[in-house]
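# Structural characterization, general
Each chain is listed here by its residues.
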Amino acid sequence: MNTKSPLDLDAVDTYLAANLSGYSGPLKAHKFDIGQSNPTFALETPDCTYVLRRKPMGKLLKSAHAVEREFRVQQALAGSDVPVPEMFLLCEDTSVIGSAFYVMEHLEGRVFLEPTLTGESNETRTAVMDEMNRVLAALHSVDIEAVGLADYGPSGNYFERQIARWTKQYRASETNKIAQMDALITALEAALPEDDGQRSLVHGDYRIDNLTFERGGSRCIGVLDWELSTIGHPYADLAAVIMQWQLPPGPEGRGLAGIYRKTLGLPSDRDYIGQYCTRRGLPEIKDFGFYLAFNFFRMAAILQGVYKRALDGNASDPGRAKLFGDYVPLFAQHGLSALDA
């Protein structure tokens, strides 16, 4: 964690003392280094550690950084088969610290930054990946009516809606013309499959480093970073996992490209998709390349937004964010290749 804290601690302390049951200062805060979207802080008191997640400062794209939605969806999932931290409070009064924020439980567990699960045994790798698969299937099996999330996203063709949304977001943060992105947008619109009627809660950024696991075990105790969640098509989340694995291993790509997975106890793409389909009672997924390409496109649009915020001085980690601009054409090319596979 970074010891620098761009947070008005006095304001946070005063607000929590008045609004959070059981809270007692004094308060210290540390900003987590990971994450480029909504700045996240550990709030430490003598008796307890909390987590505060806020919107970034500066001018923001419409509908982006919606911490209010993050709070709502995690609160709705409390007690379900999808593990989430406890939500304590949401503050929408921007006069407190300059933006909306929420405070939640700090999970005492471990986060695997890469799907290689370096340092773990093959048995642990297999168990963790199976648990990741189980939680994803559970997420897509949530009764959205029963948990009060039926209105959490619009009806209609999810992928058509998402391509339009992210194209608009990409154009709003475009800094120069990227031929691969223009070609991918056109190709995705042309390859759009018919809506098969599946409608579920989707996380929007489901990957190993957004999950917290119990210490010394393989049980998932929390799914984090719900900023991109909505009601949509479950294959978007499944393909997001596979997309991540297509990237190079290491701290930047955090993928499995070039890794001989069998010797590490890691599943193949085919096996992982098959396990998911078995858990949900689904047949084989057709045209998976489209769903994979969509995820490469959306990630390229997200990276372009991070890059633009860095140029504008509003990124959570400006130095690292500026490097992301170089990745946009690479992700777009991966998307084009997935459609052609």
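Quick note: structure is the one above.
Per-chain numbering applies: the sequence of each chain, read as written, is numbered from 1 onward. A pLDDT threshold of at least 70 governs which residues receive local features in this predicted model, and a stricter bar of 80 or more applies before side-chain atom pairs are shown or counted, although totals over entire chains, interfaces and linings include all residues. By convention in this description, side-chain values take in all heavy atoms of the structure and omit both hydrogens and water.

### Re the packing of aromatic side chains
- Working definition: rings of Phe, Tyr and Trp (its six-membered ring) pair if their centres are within 6.5 Å, and the pair is stacked with planes under 30 degrees apart, edge-to-face with planes over 60 apart, and tilted otherwise. Under the criterion given, the structure shown has 16 aromatic pairs.
- Ring geometry for Tyr 235 versus Tyr 291: centroids 5.3 Å apart, planes at 75 degrees, classification edge-to-face. In this pair, Tyr 235 is assigned in helix α6 (residues 235–245) and Tyr 291 in helix α8 (residues 288–312), connecting sequence segments 56 residues apart. For the pair shown, Tyr 235 and Tyr 291 are each scored as buried.
- Measuring from centroid to centroid gives 6.4 Å for Phe 288 and Tyr 291, while their planes differ by 65 degrees, and the two rings are edge-to-face. Pair noted here: Phe 288 and Tyr 291 are both in helix α8, with a separation of three residues, about one helical turn. A run of H or I in DSSP becomes a helix once it reaches four residues, and a run of E becomes a strand once it reaches two; helices and strands are each numbered from the N terminus. Note on classification: 1.4 Å probe, protein chains only; a residue is buried when its accessible area is under 20% of the maximum for its type, exposed when over 50%, partly exposed between these limits.

### Quick look at the side chain of Ser 200
- Note on placement: Ser 200 falls in strand β6 (residues 200–202).
- Note on contacts: a residue pair qualifies if any of its non-hydrogen atoms lie within 4.5 Å across the two residues. Sequence-distant contacts of Ser 200, that is, excluding residues within four places in its chain, are made with His 140, Ile 144, Thr 230, Ile 231, Gly 232 and Pro 234.

### Considerations on the pairing of strand β2 (residues 40–44)
- Counting buried residues in β2 gives four out of five residues, a clear majority hidden from the surface.
- At least two bridges found by DSSP between two strands are what make those strands a pair. The sheet contact formed by strand β1 (residues 28–31) and β2 spans four bridges and is antiparallel. The residue of β2 that forms the bridge with Lys 31 is Phe 41.
- With antiparallel pairing between neighbouring strands as the criterion, β2 and strand β3 (residues 49–54) make up a hairpin whose turn holds four residues.

### Focus on the sheet that holds β3
- Ordered by their spatial adjacency, five strands build an open sheet running β1-β2-β3-β5-β4, and the pairing between neighbours is antiparallel. The open sheet has two edge strands with one neighbour each: β1 and β4 (87–91). In this sheet, neighbouring strand axes are inclined to one another by 25 degrees on average, regardless of whether the strands run parallel or antiparallel.
- Examined bridge by bridge, β4 and strand β5 (residues 101–105) share four bridges and lie antiparallel to one another. Counted as the bridge partner of Leu 90 is Tyr 102 from β5. Lines fitted to C-alpha atoms define the axes, with helix axes restricted to the stretch in contact, and inter-axis angles between N-to-C directions lie between 0 and 180 degrees.

### Thoughts on the environment of Ser 99
- Take Ser 99: it is sitting in the loop between β4 and β5.
- With relative accessibility at 5%, the residue Ser 99 sits in the buried group.
- For the pair formed by Ser 99 and Thr 175, sequence separation is 76 residues and the distance between their alpha carbons is 26 Å.
- Counted as a polar contact is a pair of N or O atoms within 3.5 Å, where, for protein atoms, one must be capable of donating a hydrogen and the other of accepting one, and residues adjacent in sequence contribute only when both atoms are in side chains. There is a polar contact of 3.1 Å between the side chain of Ser 99 and the side chain of Arg 54.

### Side note on unusual backbone geometry
- Residue Pro 26 is bonded to the preceding Gly 25 through a cis peptide linkage, with omega at 5 degrees.
- By secondary structure assignment, the location of Pro 26 is in the loop between α1 (9–19) and β1.
- Residue Leu 117 is not a glycine yet carries a positive backbone phi of 50 degrees.
- The topology assignment puts Leu 117 in the loop between β5 and α3 (122–139).
- Among the residues examined, Leu 117 registers a relative accessible area of 2% and is labelled buried.
- The phi torsion at Arg 254 lies on the positive side, around 55 degrees, for a residue other than glycine.

### Some words on the pairing of β5
- With four of five residues buried, β5 lies mostly within the body of the structure.
- The pairing of β3 with β5 spans five bridges and is antiparallel. If you follow Arg 53 over to β5, its bridge partner there is Tyr 102.

### Re the packing of helix α4 (residues 158–173) against helix α5 (residues 179–191)
- Close contact between α4 and α5 brings their axes to 11 Å; oriented N to C, the two are set at 165 degrees. Here α4 lies roughly antiparallel to α5, going by the angle between them. Between α4 and α5 the crossing geometry is left-handed. Contact residues: α4 offers Ile 163, Thr 167, Tyr 170 and Arg 171, while α5 offers Met 181, Asp 182, Ile 185, Leu 188 and Glu 189. With respect to orientation, any angle under 35 degrees is reported as roughly parallel, any angle over 145 as roughly antiparallel, any angle of 65 to 115 as roughly perpendicular, and every other angle as oblique. Should the near helix be turned anticlockwise from the far one by less than a right angle, the crossing is termed left-handed; should it be turned clockwise, right-handed.

### As for the packing of α6 against helix α7 (residues 269–280)
- Taken N-terminus to C-terminus, the directions of α6 and α7 make an angle of 165 degrees; their axes are 11 Å apart at the nearest point. Considered as vectors, α6 and α7 are oriented roughly antiparallel to each other. Classified by chirality, the crossing of α7 by α6 is right-handed. Touching Leu 238, Val 241, Ile 242 and Trp 245 of α6 are Asp 269, Tyr 272, Ile 273 and Tyr 276, all from α7.
- Three residue categories are used. Nonpolar comprises Ala, Val, Leu, Ile, Met, Phe, Trp, Tyr, Cys and Pro, charged comprises Asp, Glu, Lys and Arg, and polar comprises the others, including Gly. Considering only residue class, the contact of α6 with α7 consists of seven nonpolar, no polar and one charged.

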